[in-house]
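As a plain string of letters, each chain reads:
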Amino acid sequence: MSDSWPLWEVFIRGKRGLNHVHVGSLHSPDAEMALRNARDVYTRRNEGTSIWVVPSAQITASSPEEKDSFFTSSADKVYRHPTFYVVAEEIPHI
Amino acid sequence: MTDTAATEAGLEAEFEARIAADERIEPRDWMPEGYRRTLVRQMSQHAHSEIIGMQPEAEWIGCAPSLRRKAILLAKVQDEAGHGLYVYSAIETLGVDRAELTERLLAGEQRYSALFDHPVRTYADVGTIAWLGDGAAICLQVPACRASYGPYARAMFRICKEESFHHRQGYELLTAMMRGTAEQRAMVQESLERWWWPTMMMFGPPNARSTHTERSMRWRIKRVTNDEMRQQFVDMAAPQAEALGVRPPDPALRWNPEREHYDYTDPDWADFERLISGDGPLRAQRIAHRERVHREGAWVREAALAYARRNEGAEVGA
Amino acid sequence: MPTENLFKALVREDDNGQWAFGTGFTDGLARVDRGVPEGVDRADLAEYCLMLGDDALIYAQRLSEWCSKAPEIEEDIALANIALDLLGHARVLLARVAEVREEGDEDALAYWRDAPQFRNVRLAELDLGPGPGGDFAATMARLLLFSSWRLAIFTRLAGSRDRLLAALAAKGAKEITYHRDHATQWVIRLGAGTSYSRARMTAGLDAVWPYAEELFAPHPVETRLAAQGVAVDPATVRTEVLGVLTEVLAHAELPPPAFVPDGEPHPGRDGEHTEELGPLLDEMQSLVRAMPGATW
């Protein structure tokens, strides 16, 4: 029997107001231990305020080959990007 | 040309274009088998070095000569475990898991830095390993933060940030010792003499003899040649040694104003070949330690898995 | 690439505080009032700090023996964190001893006393592995008992009239909560894991029970200082600790704790130690004693 633990992906919120960001992975027997290990491994220098762990096997990823069909529709919606809007330079705080 | 071959060629062209544009390769991108193999080889050597490298320093935590030094050394060795883990984690994205890597290390199929096959004889060595060994590691690792493989580059960035503490605390320890007794100053000099050449070897064989450099450079897994990194290291370490009041065991070591670099002697490459082929003084001991720890921990890992499986079953049933 | 400051660009100026857990501990307590509370005997206060400090120091020394030897890398990192927390406590407390006695410093106390001068409970000094002295299960058994007990003490000590003890206890209680949780997770997994791990866990607990009653036997110094609102009388936490242990062991499908009275009420506090403390001190103090006058 293999004694190696499953892999978990770790996401950390660096500070309040930010998204959780993927920081790496680790091995753990279960979710509770994974959370604790993530705290020990990835926040040794107080990097985090909140941690998510997800079994790596549970992640469904888009494949790079699908990139065109998957993301192109948002790539051409340029109005979603702030730089689309030309604002006169003298207008402050925008 | 068959369809598959045509697709393959297209993918390879896309891959090469991405590399040429200095874009990162990410786990699910198509990549040539050689690229994947080279990554696994280089990254596993790094990860194993971190984990094996814990051993020589861990031996000195117990007798560290002040409580502050004890805390620093324990935190440093702990970081090495963390760094090994970050890199193993990056290798997993290539579909090779840690258990397999551990097996290949124990079977002697994968290497780790021969630096750790040398014994740590005095507490000055603890400082020297950090100053020179981690100093060399920084020269090797900072360029790797720009490596073409995304997960590796990201792991290296995190490691480099933490590594600077290792380097500095080592130099600080040696500075304190140089301000101490004559016996301590002699210890530092003697330690430098033993560790200088093994550290110089950390950068690998000279460019002309390096079998991997050309391809690794082209794929941007490696960004600076062995000789360039060695020169960088010497340029960094030589003035630091002078400030410390110690002399590296290289009579040719001197500033060359024309080149604006230090001149130095290469390590003995025959000795290097012998060491990396597994003939280092403590090689067998290091591998045996890792093997024993892994074996003795098996029942703990099994128990945790058994518990997790049982609980999963319970949840499904509930 | 410029060779000087090769890695400086990666490092922020204020990174020093992030060197590592346990190395920058003085900052948090730097502004605490360090005066000795009125009416408190200085010798008693120093002795009490020595007891709590020695507990932390000797146990940190034992835990750090696991470094590079844990069952998995993640666990290596976890155990080092716990050892570093305790080492941090030890440094604050021993420095406090030196300050209150107006003599020596943390290192003089750690490196130049012999076994009979150490005031730690014997539980802290036992060799429970790695190696022939024990195993991971015994290590977790001790961690569960030690941290449950120390957490109960520190939670109360946070209200001490001694401001420094109060501040350390408040900060320390958060850390020890995590230590206890870590031990709890493992005792449950090993107890309810495989039949083999269950046997090891049972043996591990049996190895520590004989040293449990000592934790709750008040030393006269503790009694005096507790009456003055400075210390915690350990007898007052016995029921709570027993309750915690019973609950954890029930989850682990293991029998409840079997504390066995063991002769002397508080041998460790009186400097009467097991024969396992000697070799521990020999190692810890070897280098310093071999090179007197050296600076580190």
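Rules and cut-offs
- Residues numbered from 1 in each chain as written.
- Chains lettered and ligands numbered in written order.
- Predicted model: local features only at pLDDT ≥ 70, side-chain atom pairs only at ≥ 80, totals over all residues.
- Heavy atoms only, no water.
- pLDDT = per-residue confidence, 0-100.
- Contact = heavy atoms within 4.5 Å.
- Buried < 20%, exposed > 50% of the residue type's maximum accessible area, 1.4 Å probe, protein only.
- Helix = DSSP H or I, 4+ residues; strand = E, 2+ residues; numbered from the N terminus.
- Pairing = 2+ DSSP bridges.
- Phe/Tyr/Trp six-rings, centres within 6.5 Å; stacked < 30°, edge-to-face > 60°.
- Lys NZ or Arg CZ within 6 Å of the ring centre and 35° of its normal.
- Core = buried A, V, L, I, M, F, W, Y, C linked by side-chain atoms within 4.5 Å.
- Domains from an automatic or database assignment.
- Buried area = accessible area lost by both parts, 1.4 Å probe.
- Salt bridge = Lys/Arg side-chain N within 4 Å of Asp/Glu carboxyl O.
- Polar contact = N/O pair within 3.5 Å; in protein donor to acceptor, adjacent residues only side chain to side chain.
- Nonpolar A, V, L, I, M, F, W, Y, C, P; charged D, E, K, R; others polar.
- 1 Å grid on protein atoms, 1.4 Å probe; cavity = no way out; pocket = protein on both sides within 12 Å on 5 of 7 lines; lining within 4 Å.
- Points joined across faces, edges and corners; volume = space filled by probe spheres on them.
- Expected span 1.5 Å × (residues − 1).

By the naming in an unreviewed UniProt entry, chain C goes by 1,2-phenylacetyl-CoA epoxidase, subunit C and is assigned to Actinomadura macrotermitis.

Per an unreviewed UniProt entry, chain A is named 1,2-phenylacetyl-CoA epoxidase, subunit B, and its organism is Actinomadura macrotermitis.

Q: Before we go on, may I ask you to explain the confidence of the model for chain C in this structure?
A: Should the pLDDT be low somewhere, the predicted coordinates at that spot are not to be read in detail. Residue and element names in this part refer to chain C. Overall, the predicted model of chain C reaches an average pLDDT of 91, with 90% of residues at or above 70. When the criterion is pLDDT under 50, residues 7–26 qualifies, and its contacts beyond four places in sequence or with other chains add up to 36 contacts. Interface predicted TM-score (ipTM) for the complex: 0.94; the corresponding pTM is 0.92.

Q: I'm lost on the pairing of strand S1 (residues 7–13) of chain A in this one. Help?
A: All names here are of chain A. Taken across its 7 residues, S1 has 6 buried, putting it largely inside the fold. Following S1, the chain reverses through 6 residues before pairing antiparallel with strand S2 (residues 20–27); Gly17 in that reversal takes a positive phi of roughly 95°. Alignment of S1 against strand S3 (residues 50–55), held across 6 bridges, turns out to be antiparallel. Paired with Arg13 across the bridge in S3 is Ser50.

Q: Where do I start with the packing of aromatic side chains in this structure?
A: Any pair of aromatic rings gets described here by the distance separating the centres and the angle formed by the planes. What the rule picks out here adds up to 20 aromatic pairs over all chains. Ring geometry for Trp255 of chain B versus Tyr262 of chain B: centroids 5.1 Å apart, planes at 70°, classification edge-to-face. Residue classification places Trp255 of chain B among the partly exposed residues on the basis of a relative accessible area of 43%. For Tyr262 of chain B, a relative accessible area of 13% corresponds to the buried category. The lysine or arginine in question, Arg39 of chain A, covers the ring of Tyr178 of chain C, its NZ or CZ lying 3.5 Å from the ring centre. Above the face of the Phe118 of chain C ring, Arg113 of chain C is positioned so that its terminal group lies 4.0 Å from the ring centre.

Q: How do you make sense of the nonpolar core when you look at a structure like this?
A: Within soluble globular proteins, side chains that are nonpolar generally end up buried alongside one another. Judged by nonpolar contacts, the single largest core of 205 residues is most densely connected at Tyr35 and Phe233 of chain B together with Tyr48 of chain C. In terms of residue count, helix H3 (residues 73–101) of chain C provides more of this core than any other element does, 16 residues in total. Each of two domains, domain 1 (1–278) and domain 2 (281–317) of chain B, supplies a minimum of three residues to this core. Non-local contacts of Phe233 of chain B, meaning those with residues more than four positions away in its chain, are made with Leu132, Gly135, Ala136, Cys139, Trp196, Thr199, Met200 and Phe203 of chain B. Core analysis: the second largest hydrophobic core is formed by 5 residues, Met201, Trp269, Phe272 and Leu275 of chain B among them.

Q: Just to check I follow, could you spell out the interface of chain C and chain B for this structure?
A: On the side of chain B, 65 residues touch chain C, which itself brings 59 residues to the contact. Counting each side, the surface lost to burial between chain C and chain B is near 5,400 Å², with a carbon and sulfur contribution of 71%. Our count for the chain C to chain B interface comes out at 3 salt bridges. We note a salt bridge from Arg98 of chain B to Glu74 of chain C, for which the minimum N-O separation is 2.6 Å. Joining chain C to chain B, the criterion identifies 16 residue pairs in polar contact (both at pLDDT 80 or more). When residues of the side of chain C that touches chain B are assigned to their parent elements, the largest contribution, 11 residues, is made by H3 of chain C. For the side of chain C that touches chain B, a count of residues per class yields 33 nonpolar, 14 polar and 12 charged.

Q: Is there a simple way to think about empty space enclosed by the protein in this case?
A: A water-sized probe, rolled over the atoms, reveals where empty space remains. Considering all chains together, one arrives at 5 cavities of 30 Å³ or more under this definition. By volume, the largest cavity is sized at about 130 Å³. Lining the largest cavity are 16 residues; nearest its centre among them are Arg290 and Val293 of chain B together with Ser68, Ala70 and Asp76 of chain C. Across the lining of the largest cavity, the residue classes tally to 7 nonpolar, 4 polar and 5 charged. When residues of the lining of the largest cavity are assigned to domains, at least three map to each of domain 1 (1–278) and domain 2 (281–317) of chain B.

Q: Got a minute to help me understand the pairing of S2 of chain A in this structure?
A: Look at any regular strand and the pattern is simple: side chains alternate between the two faces of the sheet. As paired elements, S1 of chain A and S2 of chain A share 7 bridges and run antiparallel to each other. Counted as the bridge partner of Trp8 of chain A is Leu26 of chain A from S2 of chain A.

Q: Could you clarify how one ought to interpret helix H1 (residues 3–20) of chain B in this entry?
A: It helps to recall that an α-helix has 3.6 residues per turn; residues three or four apart then point in one direction. Here H1 of chain B is 18 residues long and its end C-alpha atoms lie 25 Å apart, about the 26 Å a rise of 1.5 Å per residue gives. Once H1 of chain B ends, the next one or two residues include Asp22 of chain B, with phi positive near 60°.

Q: Looking at this structure, how should I read unusual backbone geometry?
A: Outside of glycine, negative phi angles account for most residues, and trans bonds account for most peptide bonds. At the junction of Gly129 of chain C and Pro130 of chain C, the peptide bond is cis and its omega measures out at 10° in the coordinates. Inspection of the secondary structure assignment puts Pro130 of chain C in the loop between helix H5 (122–125) and helix H6 (136–157). Despite not being glycine, Asp22 of chain B has its phi angle at roughly 60°, a positive value. Examined against the element boundaries, Asp22 of chain B turns out to sit in the loop between H1 and helix H2 (33–58). Unusually for a residue other than glycine, Glu102 of chain C sits at a positive phi of about 55°. With respect to the element layout, Glu102 of chain C can be found in the loop between H3 and helix H4 (106–111). Assessed through its relative accessible area of 65%, Glu102 of chain C is described here as exposed.

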